[in-house]
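Spelled out from the first residue to the last, the chains are:
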There are 2 protein chains.
Amino acid sequence: MKAKTDTTTDTIKSASKEQRRLQMADIARLAGVSTSTVSRALSGSTLVNDETRQRIAELARSLKYSINIDARNLRLKQTRTIAVVVPFDSETRQHLSDPFFLGILGSLADALTDRGFDMLLSRIDAEHLDNAAQIFDTGRVLGVILIGQWRHHDQLNQLAARHVPIVVWGAQLPQQLYVTVGSDNVTGGQKATEHLLQSGRKRIAFFGDTQLPEVAQRYEGYCKALAQHGIALDEKLVVPASFIEEGGKLAVAELCNRKISFDALFACSDLLAMTSINSLREKNYRVPDDVAVVGYDDIELARYFHPPLTTVRQPMAQAGLALVDALLSLTEDGNSEARLLPTELMVRASSV
Amino acid sequence: MKAKTDTTTDTIKSASKEQRRLQMADIARLAGVSTSTVSRALSGSTLVNDETRQRIAELARSLKYSINIDARNLRLKQTRTIAVVVPFDSETRQHLSDPFFLGILGSLADALTDRGFDMLLSRIDAEHLDNAAQIFDTGRVLGVILIGQWRHHDQLNQLAARHVPIVVWGAQLPQQLYVTVGSDNVTGGQKATEHLLQSGRKRIAFFGDTQLPEVAQRYEGYCKALAQHGIALDEKLVVPASFIEEGGKLAVAELCNRKISFDALFACSDLLAMTSINSLREKNYRVPDDVAVVGYDDIELARYFHPPLTTVRQPMAQAGLALVDALLSLTEDGNSEARLLPTELMVRASSV
DNA sequence: CTGAAAGCGCTAACAC
DNA sequence: GTGTTAGCGCTTTCAG
């Protein structure tokens, strides 16, 4: 009797309330079966009569009923959602605008969609990357993909130690407990520098903040190439330009003010290369005649720039796939290896 | 007795199983209280003893316990997650790469984070925008923000008719049931054209696919400005360039092949403007001397381009906020109004 | 102030 | 084949 009363109340409510969400019980009632049957039918179980299944499927479709995923996940203790976390710099309160990161985001969205996963996107303070654990602890996601390692190797290690399934876009470091996916920065830096050396440049400036692991590796490649050509490293040519806003402008100004001569420039991001080129132009340097420039990333706009930018391509489409695959194998097998994506030097007019 | 047995089993299990996720019952057991009390303590209810609350809070923190959001949402029938949908073009299987859309995505991420909402990002086939309803029907999100109206006004109207809370980035159209947020395209197009006219240009080409509502409105502004200056519209100057890849190149080629003279160009996106400028340069037109160019969007790279690009700025940061606010007022009050964001002409070297 | 019990929407033994 | 029942992790009446 209690049940009966409830049902009546429910019906009245649903009539008066604007629009209660349809649920399995409704479909069951309308189809004259139990919810179990509906559940089975909708999940394609063979345990249910073909005809019944068809009927239920049809009914659900026509009523535009969709199963409540959260309830399902709760019951099944599973989820097909992945967290993607993009750190932000708390000092500059920097917005998410770096074209390369944004590009990876797009690539991830595609890769996850292909694999049938949903993506929960969040931003967290770069100084507290360990907060990324929380989103996992709340149980809504299978694992975490973090775009941007910054200088917080230690925090990331702690996360991994806590068994948070996490994959990071960045550089592979010694003593690393977490899984990284990234481009081969050493080789990338080497290719860029090698290319400049081969076109006869001798005084190659390096723009980048070597505190960041990825940049440090590109710098290593830069040094390697110089060494191979028997050229001594001139520290004055190394400028710790940051990725922010006017990084290139400041770096170029620094070299000029200190009257340091240079005939080439390897910038650790395309954005940095572009702002540098603009500054060089203002100071009446010709690119590439006076200064040859190579960037890093190969963002879409690199080839539309003037002059078209020579740059080290990070394979963006592969990046998304690799990140997702690394994370999935981590959650499935419990372990997963770092992946190093090949880089490719895209030679364009800015360096030849 | 049954309860007791279960507890014992549980304990054994949790010891043997590698790492069961912590849950409220665990905290309760450890604190020697019931789950009700833990629930109250963690939600800051005044119904619980101050000392007890502190103790529980401390325990939860030290154990890094986070409440299971899905279970909570299920019980409370609420959620603080918003779906953000970015359509993809099924034909070109185009990836998510347009800098402006990517930028809006960043802006949305920031706005949602500020408001304490999570963002569920998905991509759907642009030909079936109505699939966006499904993600709402599954009950995981409060509402949907769709970036890109494309030519599917009708499908969007159907969604709204089904009472799916949805806000769309795009143009406001007559007979529109859904809420849009967008920039003032008519005025934007007018400003761009007006600017070119005032610098003495007479033959202004228009690049853009007027099948898209936003572009159609920019075109309307273009026509208005021409009319105000008593200049007859020359249809030959209107080229239906698409936003894809080599749009600018094709459009420029078309004008040149047909030997149509022009001294200015209004392109409906910065990307289009940039590729057009590159093509013009290849054909030995000087920008702005021979052809003045104005773009649309003011993506970050516009000011780093050479020549720096004059463009109609769509306020990206505001865009995210406006979209979120529009959606929230829709879900709260049940209705919400379209928002038209002001545009601003950024005059740079490509046009003067 | 605290605990016992019911139930959010769904699935999976277990019965029939 | 199908229905009944218990329970996923949480919140909230309702008693005490």
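Residues numbered from 1 in each chain as written. Chains lettered and ligands numbered in written order. Predicted model: local features only at pLDDT ≥ 70, side-chain atom pairs only at ≥ 80, totals over all residues. Heavy atoms only, no water.

Q: Just to check I follow, could you spell out the protein's contact with DNA strand D for this structure?
A: Neighbouring DNA strand D are 25 residues; Ser36, Arg40 and Arg75 of chain A together with Tyr65 and Arg75 of chain B lie closest to it. Within 4 Å of the protein, the contacting atoms of DNA strand D are drawn from sugar and phosphate to the extent of 62%. A distance of 2.7 Å separates a phosphate oxygen of DNA strand D from a polar atom in the side chain of Ser39 of chain B. Listed by contribution, the elements that provide at least two residues to the surface near DNA strand D are helix 3 (35–42) and helix 5 (69–76) of chain A together with helix 3 (35–42) and helix 5 (69–76) of chain B. Examining the composition of the surface near DNA strand D, we find that four residues originate from one element, helix 5 of chain B, more than from any other. Tallied by class, the residues present in the surface near DNA strand D amount to nine nonpolar, nine polar and seven charged. (Near = heavy atom within 4 Å. Polar contact = N/O pair within 3.5 Å; in protein donor to acceptor, adjacent residues only side chain to side chain. Helix = DSSP H or I, 4+ residues; strand = E, 2+ residues; numbered from the N terminus. Nonpolar A, V, L, I, M, F, W, Y, C, P; charged D, E, K, R; others polar.)

Q: Is there a simple way to explain the confidence of the model for chain A in this structure?
A: Close reading of the predicted structure is inappropriate where its pLDDT is low. Summarising the model, chain A shows a mean pLDDT of 90, and 92% of its residues fall at 70 or more. For the stretch residues 1–17 of chain A, pLDDT sits under 50, and the model shows one contact to residues farther than four places along the chain or on other chains. (pLDDT = per-residue confidence, 0-100. Contact = heavy atoms within 4.5 Å.)

Q: Would you explain the protein's contact with DNA strand C in this entry?
A: The full set close to DNA strand C counts 25 residues, and Met24, Tyr65 and Arg75 of chain A together with Arg40 and Arg75 of chain B are the nearest of them. Among the atoms of DNA strand C close to the protein, meaning within 4 Å, 67% are from sugar or phosphate groups. Taking Arg75 of chain B, its side chain carries an N or O atom lying 3.0 Å from a base nitrogen of DNA strand C. In this structure, Lys77 of chain B approaches DNA strand C through a side-chain N or O atom, which is 2.9 Å from a phosphate oxygen. In terms of residue count, the dominant contributor to the surface near DNA strand C is helix 5 of chain A (four residues).

Q: Help me understand the interface of chain A and chain B, please; the structure alone is not making it clear to me.
A: By convention, interface size is frequently given as the accessible area that disappears when the constituent parts associate. With 52 residues of chain A at the interface, the matching set in chain B holds 52 residues. Taken together, the two surfaces of chain A and chain B that pack against each other cover about 5,000 Å², and 52% of this comes from carbon and sulfur. Contact with chain B buries area across many residues of chain A, yet Asp70, Arg140 and Tyr304 of chain A alone supply 14% of it, more than any other trio. Between the two partners, chain A and chain B, sit four salt bridges. Among the salt bridges present, the one from Arg123 of chain A reaches Asp110 of chain B, with a minimum N-O distance of 2.3 Å. Connecting chain A to chain B are 16 residue pairs in polar contact (both at pLDDT 80 or more). Here the side of chain A that touches chain B is composed, by residue class, of 20 nonpolar, 16 polar and 16 charged. Bridging between strand 2 (residues 118–125) of chain A and strand 2 (residues 118–125) of chain B involves three bridges; their strand directions are antiparallel. Looking at the pairing, Leu121 of chain A lines up with Met119 of chain B of strand 2 of chain B. (Buried area = accessible area lost by both parts, 1.4 Å probe. Salt bridge = Lys/Arg side-chain N within 4 Å of Asp/Glu carboxyl O. Pairing = 2+ DSSP bridges.)

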